[in-house]
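Structure at a glance
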Amino acid sequence: MASSGLFVRLLVFATSFAATLYRACAIDIFLDWNVSINSTINPVSIQQPVITINGLFPGPLINATTNDLIHVNVFNNLDELLLITWNGIQQRLNSWQDGVSGTNCPIKPGENWTYVFQTKDQIGSFSYFPSINFQKAAGGFGPFRLNNRNVIAVPFPKPEAEFDLLIGDWFYSDYKEARTWLLGKMKSFGDIPDAALINGKGPYGLGISKGHESFTVIKGKTYRFRIINVGNALSFTFRIQSHQMLVVETEGSYTNQITLDSLDVHVGQSYSVLVTADEDEADYFVVASPKLLDTCDDSTLVAKGILHYANSTTLPSGPPPKAPDPFDIEFSVNQAKSIRWNLTTGAARPNPQGTFNVTNVTLSQTFVLHGSVAEIDDATRYVVNNVSYLTPSTPLKLADLFANGSGVYKLDEFPAHSITAVASNGVFVVTGVHKGWLEIIFHNNLGVMDSWHLDGFGFYVVGFGSGEWAPESRTTYNLYDPVVRSTVQVYPGGWTAVYAFLDNPGMWNLRSQHLKHWYLGQELYIRVFDDDPNPAKEQPPPENLLLCGIFDQSSAPASAPVPQAGGW
């Protein structure tokens, strides 16, 4: 243990001067979070454990600015291991803080650990949530805002106020029971949740709801709503009765501004919309209904809140605003294609977003990833190219540090461009070419909507299609102004194509955001490696590095052997 501590301290010393320079031009934000179980919140009047942070459900807002340094001291008051991940925060040169099983040892019950990371070169609307043990189904999630620096103009007038609006599906079941069922024979559990919430509150007007969410506005003023789907399984169509929405941002990218009556928000996605209070002073329905499900207005799966004008004495009237046909995939795809990058505005940097584009890039790699389900060893597992990710007890990043992965995983053991003949469990880690352009094709061979997320990067969403992708499909791509985001939907029986520039060395999680799929193995890791020892290439492990697995507190790390190659 002593030798490992010295090793880490030496690595940290090598970059201390650079870290000091970073701190000199950024604000430090210090947060103490107590993560606990609360059995009294019961958002839909059913006794169940809810994961809170500092007693709050959803958890507290992180309100930061580009390049701030965030310190989050997490106290684990649960009776099991805990990790928090920062959905969409790129952790530039610092996958040590990503908070997923491949990068971090979990925080033990009764102990605490401090995440320290910089919101380097990012703006936008994001979220955080627990990343292991199916805990996200019980809460622990919250909003994360990244504001522009004052020196960079925002491409719309300053709104009167901002609202974080977290929509998501909810299960009535205890999350521990749910994960036991998933690992057993209840194959259908998790496909259709029981209710839908807005900011942790049940639908307006239903007796099971302990309360509903309300947003107070002043007539004539414009407001920014940061809409985040923090749910587990369902995509939602969001709308506000009698009000249109101007889409301005998604997951750190300013978009071409388009006006919509309804907006599809898929699991893990975030949007900013501007809403002007230009109607009569009354109350209006705020609604999110699920896609690919047939629901009625009073269904528990239709989330409903209220847009309340400050001087209103009138309750919402009439039926909630009607959504487009939830089974109309073509309508949804066309809307997705209309979300495009604003090429002329700055974002985290003053130069226009369009300075960085994919018009003439040369691809270094193509991954073709088929998401499906398989029976492996008499258990239902979700797979990528017929491989279901098996989480090792030792984080991949830790194995890289001390043993070049030896004893934990074999790099490129499984194919990222074809389907294996026999479904199997395995530690799926693939090479990403540092500073190369990666094309990823996500295939959805399931009967439900899926969405995929890549940690460490924003990717360019260049194409959608149905059926099988082929190289000729590239002729349909939008390479002029594809939006950049970190989570993208993949429609049933279809494919989605993205480009990512792998300029951020580290170990990065690529996962389904559908919680059941993720929990049962639909993920892999991309190892982006640069052997240049220059500290500016990648940050060393933190001084408070936790050890676990084969490098637990009682064992000193072995010397690093030559990395093992896979078998194909």
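Owing to the predicted nature of the structure, the values given are computational and were not obtained by experimental measurement.

Moving on, we come to unusual backbone geometry. Backbone torsion omega between phenylalanine 57 and proline 58 reads -5°, so that peptide bond is classified as cis. The residue proline 58 is located in the loop between β2 (50-53) and β3 (62-65) in this model. Located in the positive-phi region is aspartate 121, a residue other than glycine, with phi close to 55°. Here aspartate 121 lies in the loop between β6 (112-118) and β7 (124-130). Of note in the backbone geometry, phenylalanine 134 takes a positive phi value of approximately 60° without being a glycine. Since its relative accessible area comes to 3%, phenylalanine 134 is described here as buried.

This next bit is on the nonpolar core. Leu165, Phe225, Leu307, Leu369, Leu396, Phe442 and Leu510 are the most contacted members of the largest nonpolar core, which totals 100 residues. For this core, the leading source of residues is helix α5 (residues 396-403), giving six residues. Sequence-distant contacts of phenylalanine 442, that is, excluding residues within four places in its chain, are made with Leu369, Trp452, Val488, Val490, Gly494, Trp495, Thr496, Val498 and Leu510.

Mapping asparagine 67 onto the fold places it in the loop between β3 and β4 (69-76). Asparagine 67 sits in the buried class, given a relative accessible area of 13%. From its side chain, asparagine 67 meets the backbone nitrogen of aspartate 121 in a polar contact 3.0 Å long. In this view, asparagine 67 contacts Ala26, Gln118, Thr119, Lys120, Asp121 and Arg149; residues no more than four positions away in its chain are not counted.

This part is about the sheet that holds β7. Here we have four strands laid out as an open sheet, ordered β3-β8-β7-β5, and mixed in their pairing. The sheet is open, and its two edges are formed by β3 and β5 (84-87), each paired on a single side. Neighbour-to-neighbour, the strand axes of the sheet open up by a mean angle of 25°, direction not taken into account. Across four bridges, β5 lies against β7 in antiparallel orientation. For isoleucine 84, the partnering residue across the bridge sits in β7 and is proline 130.

Where burial is concerned, most of strand β26 (residues 450-454) is hidden: five out of the five residues are buried. Neither face of β26 is exposed, since Asp450, Trp452 and Leu454 on one face and Ser451 and His453 on the opposite face are all buried. Judged from the four bridges that link them, β26 and strand β29 (residues 487-490) form a sheet pairing that is antiparallel. Considered in β29, the bridge of tryptophan 452 is made with valine 488. With three bridges joining them, β26 and strand β31 (residues 506-512) adopt antiparallel strand pairing. The residue of β31 that forms the bridge with leucine 454 is leucine 510.

For the chain, per-residue confidence averages 92 on the pLDDT scale, and residues scoring 70 or more make up 92% of the total. Taken together, the stretch residues 1-24 has pLDDT below 50 and engages in 28 contacts with residues farther than four places along the chain or on a different chain. With pLDDT under 50 throughout, residues 558-568 is counted as low confidence; its partners more than four residues away or in other chains account for 28 contacts.

Turning our eyes to something else, we now look at the state of the cysteines. Applying the stated criterion across every chain, the model contains one disulfide. Between the sulfur atoms of cysteine 105 and its disulfide partner cysteine 548 the distance amounts to 2.1 Å. When the S-S torsion is -85°, as for the bridge of cysteine 105 with cysteine 548, the disulfide is left-handed. Here cysteine 548 lies in the segment after β32 (523-528) and cysteine 105 lies in the loop between β5 and β6, a separation of 443 residues in the sequence. When its relative accessible area of 7% is taken as the criterion, cysteine 105 is described as buried.

In this section: the packing of aromatic side chains. All chains considered together, the criterion is met by 29 aromatic pairs. Each member of the aromatic cluster is reached from another via a ring pair, and the members are Trp33, Trp86, Trp113, Tyr115, Phe117, Tyr128 and Phe144. Sitting over the face of the ring of phenylalanine 129, lysine 136 holds its NZ or CZ atom 4.8 Å from the ring centroid. In this structure, arginine 511 is placed above the aromatic ring of tryptophan 518, and the distance from its NZ or CZ to the ring centre is 4.6 Å.

The subject of this paragraph is a negative patch on the surface. On the surface, Asp294, Asp325, Asp328 and Glu330 cluster together into a negatively charged patch. Turning to its location among the elements, glutamate 330 is positioned in helix α4 (residues 329-338).

What counts and how
- Residues numbered from 1 in each chain as written.
- Predicted model: local features only at pLDDT ≥ 70, side-chain atom pairs only at ≥ 80, totals over all residues.
- Heavy atoms only, no water.
- Helix = DSSP H or I, 4+ residues; strand = E, 2+ residues; numbered from the N terminus.
- Buried < 20%, exposed > 50% of the residue type's maximum accessible area, 1.4 Å probe, protein only.
- Core = buried A, V, L, I, M, F, W, Y, C linked by side-chain atoms within 4.5 Å.
- Contact = heavy atoms within 4.5 Å.
- Polar contact = N/O pair within 3.5 Å; in protein donor to acceptor, adjacent residues only side chain to side chain.
- Pairing = 2+ DSSP bridges.
- Axes fitted to C-alpha atoms, helices over the stretch in contact; angles between N-to-C directions.
- pLDDT = per-residue confidence, 0-100.
- Disulfide = S-S within 2.5 Å.
- Phe/Tyr/Trp six-rings, centres within 6.5 Å; stacked < 30°, edge-to-face > 60°.
- Lys NZ or Arg CZ within 6 Å of the ring centre and 35° of its normal.
- Patch = residues over 30% accessible without salt bridge, like charges linked within 9 Å, V, L, I, M, F, W, Y side chains within 5 Å.
- Areas by Shrake-Rupley, 256 points an atom, 1.4 Å probe, with all protein chains shown as cover.
- Salt bridge = Lys/Arg side-chain N within 4 Å of Asp/Glu carboxyl O.
- Lys, Arg positive; Asp, Glu negative; His and termini not counted.
- Charge placed at Lys NZ, Arg CZ, Asp CG, Glu CD.

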